[in-house]
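What follows is the residue order along each chain.
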Amino acid sequence: MTAASTALPIKQVGLIFLILSALKYFLIPTYRSTDFDVHRNWLAITHHLPISEWYFDDVDGGTVHTLDYPPLFALFESFLSNNYITKALLRSGWLDERCLELLPDADNEPSDNCIKFHRCTVILSDVVLFIGAYLASTSIGKVLRDNNRPRKLTFLLIVTNPGLIMLDHVHFQYNGMMLGILLCSIACTINGTNHTMENDTTDQLGEEKSETKTCQSHQLWELGGAATFAALLAMKHLYLTLAPLYLCYLLRHHCFIVKKEISYKNYNNRKEKHQGEMKFCFSWKRFAILAVVTLVCFVGPFIPFLMRSNPIGQLEQMLKRLFPFGRGLVHDYWAANIWALYLFASRVATVAFRRIPIPDDIRSLVQPFIPFPEPTPGLVAIILLLGLVPTIIYAWKVGTSSLKRWWQLN
């Protein structure tokens, strides 16, 4: 039974998409966060301003909803605000011009049709989520060949995730589309897991043989996974934390070739074949191709911005917007992360330090650390990298074990 035959039929996928889209449409009048205003302003920026001003505009200081996503997402917003359908809706009057106007935060209340239009772009963008979920769940068939249920269950759990539905279609985000791109990358990587490699077979008697198995299709799958993930980074830099895992896995699994030394010995006038030790050889050719593909997909969206009159200034402004270290690790009360707990503990310690009677000698020792010192960006980056070390090592081991498994089977 092949993976293709056990995957969800396309008609069922389409039906599920329509049912969930109807549910999401009913959520249009529900609560929306300030992220709605953020993305509405980004539509206005990309609709009215030249590309050279996208990362500089703040409506003359009247808004905090400035563009702070990477260039590929900015181009996606530009597509939403400048495509034929949007222009037709504006001409017909159904979509009001104010919806795409550059407005200050004090006067940016959207109309009902503006809300519908914007919500519907999220609903339609979930097509990418369905594609990614379909490809990823189907590729699981290469790992679980004897069981069909996990594939279908995986697909349904992804597309019906209640947290994702609330985050995108109530709170307002495009995380489903982002997750879909990530799943496409994962699917490509899984499909490339069982790729074949070149093997050099050397005869001890002096005869050299070369057993080369076709592996181009499997290498292309892995290159596709790297390219898709690079494009994802150009859409949302939050996924940068996954980059070391991709780097280590592909460096080990894609850029190394397994070579087997085979010897022949005569026993009773009969030549017998003996396999030698397995050797890993680094392929600079594969590494170069992987690097070029990744860089092209990641750097490509930056090129339209860097072709302006001041490319260095554009790049510096992008980095300031993408990594706003000046606003702190927790820039708002709803930004839930480990640093939010750190700052909460700092406030509790500060209150306790003021109200609880403490001996003077202990108070003098503790006082320099109350409130807790705010970690610097460099320290946070180091802590993050240290936290990723176990998973990076595991990614390398997974690539190694996959190569060994192939060597044993061949």
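Up top you'll find the structure we're talking about.
The following paragraphs examine the structure supplied in this document. (Residues numbered from 1 in each chain as written. Predicted model: local features only at pLDDT ≥ 70, side-chain atom pairs only at ≥ 80, totals over all residues. Heavy atoms only, no water.)

**What about the overall build of the protein chain?**
Along the backbone of the protein chain there are 17 helices and four strands. Counting all 410 residues of the protein chain, 42% fall into the buried class. Of the contacts made within the protein chain by residues no fewer than 6 positions apart, 75% connect residues no fewer than 24 positions apart. (Helix = DSSP H or I, 4+ residues; strand = E, 2+ residues; numbered from the N terminus. Buried < 20%, exposed > 50% of the residue type's maximum accessible area, 1.4 Å probe, protein only. Contact = heavy atoms within 4.5 Å.)

**A few points about the packing of helix H6 (residues 112–139) against helix H8 (residues 162–172)**
It is at 9 Å that the axes of H6 and H8 come closest, and there the two elements cross at 155°. Classified by the interaxial angle, the pair formed by H6 and H8 is roughly antiparallel. Here the hand of the crossing between H6 and H8 comes out right-handed. Judged by residue contacts, His118, Arg119, Val122, Ile123, Asp126 and Leu129 of H6 engage Leu164, Asp168, His169, Val170 and Phe172 from H8. Per-class residue counts for the contact of H6 with H8 are six nonpolar, two polar and three charged. (Axes fitted to C-alpha atoms, helices over the stretch in contact; angles between N-to-C directions. Parallel < 35°, antiparallel > 145°, perpendicular 65-115°, else oblique. Left-handed = near helix turned anticlockwise from the far one by under 90°. Nonpolar A, V, L, I, M, F, W, Y, C, P; charged D, E, K, R; others polar.)

**What to know about the packing of aromatic side chains**
Across all of its chains, the model carries 20 aromatic pairs by this definition. Through a chain of ring-to-ring contacts, the aromatic side chains of Phe36, Trp42, Tyr69, Phe73, Phe76, Phe172 and Tyr174 assemble into a single cluster. The side chain of Arg32 reaches across the aromatic face of Phe36, ending 5.3 Å from its centre. A cation over an aromatic ring shows up here: Arg252 above the ring of Phe256, its NZ or CZ 4.8 Å from the ring centre. (Phe/Tyr/Trp six-rings, centres within 6.5 Å; stacked < 30°, edge-to-face > 60°. Lys NZ or Arg CZ within 6 Å of the ring centre and 35° of its normal.)

**Notes on the state of the cysteines**
By definition, a disulfide is the covalent link that joins the sulfur atoms of two cysteine residues. Evaluation of the coordinates by the stated rule reveals one disulfide. The thiol of Cys184 is not disulfide-bonded; the next cysteine sulfur, from Cys188, is found 6.8 Å away. For Cys184, a relative accessible area of 15% translates into the label buried. For Cys188, a relative accessible area of 13% gives the class buried. (Disulfide = S-S within 2.5 Å.)

**Some remarks on the pattern of salt bridges**
Scanning all chains against the criterion turns up three salt bridges. The partner of Asp126 in a salt bridge is Lys24, and the shortest N-O contact between them spans 2.6 Å. Here Asp126, found in helix H6, pairs with Lys24, found in helix H2 (residues 10–26); they are 102 residues apart in sequence, far enough to count as distant. Across the pair, Lys24 and Asp126 agree in class, each one buried. A salt bridge links Arg98 to Asp107, with the nearest nitrogen and oxygen atoms 2.9 Å apart. Residue Asp107 is classed as partly exposed on the basis of its relative accessible area, which comes to 41%. (Salt bridge = Lys/Arg side-chain N within 4 Å of Asp/Glu carboxyl O.)

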